[in-house]
Amino acid sequence: MKKFIELLSDKLKQAFVACGYDESYGRVGISNRPDLCEYQCNGAMAAAKAYKKAPFMIADEVVAKLEGDEAFLEVASVKPGFINLKVNEAYLASYLNEVAADEKLGCTNLGQNKKMIIDYGGPNVAKPLHVGHLRSAIIGESIKRISRYVGWDVVGDVHLGDWGLQMGLIIEEVRTRHPELCYFDDSFTGPYPEEAPFTISELEEIYPTASAKSKVDEEYAKRAHDVTAFLQQGKPGYRALWQHILNVSIADLKKNYSFLNVEFDLWKKESDAQPYIPDMIKSLKDQGLAYESEGALVVDVKEETDTKEVPPCIIVKSDGATLYSTTDLATLVEREKLFKPDSVLYVVDKRQEMHFNQVFRCAKKANIVRPETNLKFLGFGTMNGKDGKPFKTRDGGVMRLEVLLKEITEAVYQKTMDNRTVSEEEGMETAKMIALAAIKYGDLSNQASKDYVFDVERFTSFEGDTGPYILYTIVRIKSILSKCEAVSMNALNQASSESEKALQLILTRFAECIENAAVETAPHKICAYIYDVANAFNRFYHETKILAETDKEKQTGYLALLALTRKVLETSIDLLGFEAPERM
Ligand code: ARG
């Protein structure tokens, strides 16, 4: 289905061609003078230079050709050579009725079922989820949903960090506390117990304790290092303990992600990539790409056009250990083997940009991925507190995600329950939904790469550019529609007021907006769009008697418009990763 603005452009193009000019001049844009017109075409200005004619003469000719066209209410040539357009209301309504009948509301299959892997979330096992992981989860989840909506075959992978020193630290700390456990008995032949020797809360206390100890106790740090190495070499007792850490952690992570409406298709881990490393290193050497430098094995990845230094990608350190880049390269080997993705997108803190640049270049150079595979890094900025520094708890600690969610839900609950009569349970459920919308919209409405200030008061406000305002608008529509019998969405009437027309015009832009957000991996464009839709709707709502309308045909048209607005808003927030309650 063509976009509305394309249909208008087609009309203008035909008119330019009919007057003997190139069709490229017929491009139509949204008016930047909404007081004068709805759309405009500035092609006559450019054509004037090419055809050495006065722009207004060209505009006049084109306008004359469009006389009587069903698409336009008004086509005006304005000096020095602008073409101002107003759309015919019947044409607009009939277009929107087609949109309403389309399953994807006019979106095209951009992805053509091609494979995309999105690497997001990226929590580290045994470390509690904190707000730093929040952004990756929120942005990645949204991009996954958007890409899927426009036809990509998407696999979302959490890519757990389970292979680093944190594992050795935890195991070493468990040993210090319980040296008698079978995991540390070299003569033990198994089987190891099914039950983990710790709970999640213990685990979450163990890691910070161990990490702090290792900073002041060199011996301890060295032991943790050795334990990590033994674990990575496959020592059975450590492996068994590691498996417990994973199980306990993953169960907790899944619970937390479900609070966030975030769901991964794959729970792959850094450790899953390890088996691919030896062959990969061999291949890097055989291809003559990897060479020894100061005892380490590296691959050069700098390019002539670089303006800033891109250091070699280190594959093996001088002490023989592999590192983050090795794991990420090997993960690409595995992804290629399992999925042959056309595109791999990483949603990670922007401070890791250099790392991914090196990894991508190395992967291309070494043919780990195909030349046409699109490797893309979407780096996000920091979530700051009101003081402009990274968001912390009141006492300066790292804010845990659960705590943050709970605090905001409670704040919303207080606000919404003040003068309500719903049950405590319903009130709490609603508060959760509003809180999630507040957090997600507050994050997603900023361009991902920018830092932003996490401002609870502002984010939870029911007015302004916020998640709760969007929900409020949807709830308002739902409440009107619930008072009516079945409403069909594609029964729009031609607009009979300015606010009705403005709302209809905005609704024509849905597909364009979603496709654009997909191509540019930019959920903030959807936020900006639905804010406009909500504003246009509320203006229409305040100016129009809907339920009290006595002209039945008119009312049917209004209700269809409400239903379509609701569908556009609900689809959009679903793509952002939250949903609206029934009441609020
Ligand atoms: N676990 C990593 C971190 O906390 C993020 C992982 C990102 N994904 C990747 N393939 N490296 O920093």
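Just above, that's the structure.
**Here's the deal with the overall build of the protein chain**
Thought 1: Of regular secondary structure, the protein chain possesses 21 helices and 13 strands.
Thought 2: If one aligns the C-alpha atoms of the protein chain with their principal axes, the spans along those axes are about 90 × 65 × 40 Å.
Thought 3: By element, 50% of the accessible surface of the protein chain is carried by carbon and sulfur atoms, the whole surface being about 27200 Å².
Thought 4: With 72 positive and 88 negative side-chain charges, the protein chain shows a separation of 3 Å between the mean positions of the two kinds.

**Brief notes about the site of the ligand**
Thought 1: Neighbouring residues of the ligand: Asp119, Gly122, Asn124, His133, His159, Tyr324, Asp328, Tyr346, Val348, Gln352 and Phe356.
Thought 2: Separating a nitrogen atom of the ligand from a backbone N or O atom of Gly122 is a distance of 2.9 Å.
Thought 3: Measuring from a nitrogen atom of the ligand, one finds a side-chain N or O atom of His159 at 3.5 Å.
Thought 4: Taken together, the residues of the shell around the ligand break down into four nonpolar, five polar and two charged.

**Considerations on the sheet that holds strand S3 (residues 72–78)**
Thought 1: The four strands are arranged S1-S2-S4-S3 in an open sheet whose pairing can be described as antiparallel. The open sheet terminates on both sides in strands that have one partner only, identified here as strand S1 (29–30) and S3.
Thought 2: Two elements, S3 and strand S4 (residues 82–87), share six bridges in a ladder whose sense is antiparallel. For Ser77, the partnering residue across the bridge sits in S4 and is Ile83.

**Digging into unusual backbone geometry**
Thought 1: Cis geometry is adopted by the peptide bond preceding Pro80, which originates at Lys79 and carries an omega value of 5°.
Thought 2: The residue Pro80 is located in the loop between S3 and S4 in this model.
Thought 3: Although it is not a glycine, Glu294 sits at a positive phi angle of roughly 50°.
Thought 4: Positionally, Glu294 belongs in the loop between strand S7 (290–293) and strand S8 (296–299).

**Quick notes on the sheet that holds strand S5 (residues 115–119)**
Thought 1: Read across the open sheet, the four strands follow the order S6-S5-S10-S11; overall the sheet is parallel. Of all the strands in the sheet, the pair left with one neighbour each is strand S6 (153–157) and strand S11 (374–380). Within the sheet, the average angular offset between the axes of one strand and its neighbour, ignoring direction, is 20°.
Thought 2: Along the sheet face, helix H13 (residues 353–365) touches strand S10 (343–349) and S11 and points at about 175° away from the line of S11.

**Considering empty space enclosed by the protein**
Thought 1: Taken as a whole, this structure holds four cavities of 30 Å³ or more when the rule is applied.
Thought 2: Size it by volume and the largest cavity reaches roughly 90 Å³.
Thought 3: Taken together, 14 residues form the lining of the largest cavity, with Lys127, Pro128, Leu129, Glu204 and Asp252 sitting closest to its centre.
Thought 4: Breaking the lining of the largest cavity down by element, the ones donating at least two residues are helix H7 (200–216), helix H9 (236–259) and helix H14 (401–417).
Thought 5: If you tally residues by element for the lining of the largest cavity, the top one is H9, at four residues.
Thought 6: In this structure, the second largest cavity encloses a volume near 40 Å³.
Thought 7: Elements represented by at least two residues in the lining of the second largest cavity include exactly helix H4 (89–101) and helix H19 (510–519).

**Here we look at the side chain of Ser147**
Thought 1: The residue Ser147 is located in helix H5 (residues 131–149) in this model.
Thought 2: On the basis of relative accessibility, which here comes to 4%, the residue Ser147 falls in the buried class.
Thought 3: Here the side chain of Ser147 touches Ile143 through a polar contact of 2.7 Å, landing on its backbone oxygen.
Thought 4: Excluding anything up to four places from it in sequence, Ser147 contacts Met116, Ile118, Trp152 and Val154.

**As for the packing of aromatic side chains**
Thought 1: Tallied over the entire structure, the rule returns 28 aromatic pairs.
Thought 2: Between Tyr346 and Phe360, the aromatic rings sit 5.4 Å apart at their centres with planes inclined by 45°, giving tilted as the arrangement. Of the two residues, Tyr346 sits in strand S10 while Phe360 sits in helix H13, which places them 14 residues apart along the sequence.
Thought 3: Measuring from ring centre to ring centre gives 5.6 Å for Phe540 and Tyr558, while their planes differ by 70°; the resulting arrangement is edge-to-face. Taken together, the residues span a long stretch of sequence, with Phe540 in helix H20 (residues 524–543) and Tyr558 in helix H21 (residues 552–576) at a distance of 18 residues. Accessibility assignment for this pair places Phe540 and Tyr558 in one class, buried.
Thought 4: In this structure, Lys104 packs its charged tip against the face of Tyr149, placed 5.0 Å from the ring centre.
Thought 5: Lys235 extends its terminal NZ or CZ atom over the ring of Phe230, reaching a point 5.4 Å from the ring centre.

**As for the environment of Glu429**
Thought 1: Among the structural elements, Glu429 can be located in helix H15 (residues 424–444).
Thought 2: Distance from Glu429 to Pro581, taken between C-alpha atoms, is 8.4 Å for residues 152 residues apart in sequence.

**Structural notes on the nonpolar core**
If you look at soluble globular proteins, the nonpolar side chains tend to sit buried side by side.
Thought 1: Core analysis: the largest hydrophobic core is formed by 155 residues, its most contacted members being Leu12 and Ile514.
Thought 2: For this core, the element with the highest residue contribution is H21, accounting for 12 residues.
Thought 3: Non-local contacts of Ile514, meaning those with residues more than four positions away in its chain, are made with Cys107, Ile146, Tyr149, Val150, Ile526 and Leu575.
Thought 4: Core analysis: the second largest hydrophobic core is formed by 34 residues, Leu297, Val301, Ala363 and Val369 among them.

**Quick notes on the pattern of salt bridges**
Thought 1: Enumeration over the complete set of coordinates arrives at 45 salt bridges.
Thought 2: Salt-bridge contacts for Glu172 lead to Arg223; the nearest nitrogen and oxygen are separated by 2.7 Å. Linking Glu172 in helix H6 (residues 165–177) with Arg223 in helix H8 (residues 218–233), this pair joins segments that are 51 residues apart in sequence.
Thought 3: In this structure Glu172 comes out as buried when scored by relative accessible area, which is 2%.
Thought 4: Residue Asp186 is joined to Lys235 by a salt bridge in which the shortest nitrogen-to-oxygen separation is 3.0 Å. Of this pair, Asp186 sits in the loop between H6 and H7 while Lys235 sits in the loop between H8 and H9; the two residues are 49 residues apart in sequence, bridging distant segments of the chain.
Thought 5: The class of Lys235 is partly exposed, set by a relative accessible area of 22%.
Thought 6: Each of Glu141, Lys144, Arg145 and Asp574 takes part in a single network of salt bridges with overlapping partners.

**Re the state of the cysteines**
Thought 1: Taken as a whole, this structure holds zero disulfides when the rule is applied.
Thought 2: Looking at the unpaired Cys19, the closest cysteine sulfur is the one in Cys41, lying at 11 Å.
Thought 3: In this structure Cys107 is a free cysteine whose sulfur lies 8.6 Å from that of Cys513, the closest cysteine sulfur available.
Thought 4: With relative accessibility at 11%, the residue Cys107 sits in the buried group.

**Quick word on helix H1 (residues 4–18)**
Helical geometry: 3.6 residues make up each α-helical turn, so side chains three or four residues apart lie on a common side.
Thought 1: In this model, H1 (15 residues) spans 22 Å end to end at C-alpha, consistent with the 21 Å of a helix rising 1.5 Å per residue.
Thought 2: Those residues of H1 that sit buried are Phe4, Ile5, Leu8, Ser9, Lys11, Leu12, Ala15 and Phe16. The buried side chains of H1 occupy one side of the element, clustering within an arc of 155° when seen end-on.
Thought 3: One or two steps after H1, the chain reaches Gly20, where phi turns positive at roughly 90°.

Conventions used here
- Residues numbered from 1 in each chain as written.
- Predicted model: local features only at pLDDT ≥ 70, side-chain atom pairs only at ≥ 80, totals over all residues.
- Heavy atoms only, no water.
- Helix = DSSP H or I, 4+ residues; strand = E, 2+ residues; numbered from the N terminus.
- Areas by Shrake-Rupley, 256 points an atom, 1.4 Å probe, with all protein chains shown as cover.
- Lys, Arg positive; Asp, Glu negative; His and termini not counted.
- Charge placed at Lys NZ, Arg CZ, Asp CG, Glu CD.
- Near = heavy atom within 4 Å.
- Polar contact = N/O pair within 3.5 Å; in protein donor to acceptor, adjacent residues only side chain to side chain.
- Nonpolar A, V, L, I, M, F, W, Y, C, P; charged D, E, K, R; others polar.
- Pairing = 2+ DSSP bridges.
- Axes fitted to C-alpha atoms, helices over the stretch in contact; angles between N-to-C directions.
- Contact = heavy atoms within 4.5 Å.
- 1 Å grid on protein atoms, 1.4 Å probe; cavity = no way out; pocket = protein on both sides within 12 Å on 5 of 7 lines; lining within 4 Å.
- Points joined across faces, edges and corners; volume = space filled by probe spheres on them.
- Buried < 20%, exposed > 50% of the residue type's maximum accessible area, 1.4 Å probe, protein only.
- Phe/Tyr/Trp six-rings, centres within 6.5 Å; stacked < 30°, edge-to-face > 60°.
- Lys NZ or Arg CZ within 6 Å of the ring centre and 35° of its normal.
- Core = buried A, V, L, I, M, F, W, Y, C linked by side-chain atoms within 4.5 Å.
- Salt bridge = Lys/Arg side-chain N within 4 Å of Asp/Glu carboxyl O.
- Disulfide = S-S within 2.5 Å.
- Expected span 1.5 Å × (residues − 1).
- Arc of directions from axis to C-beta.

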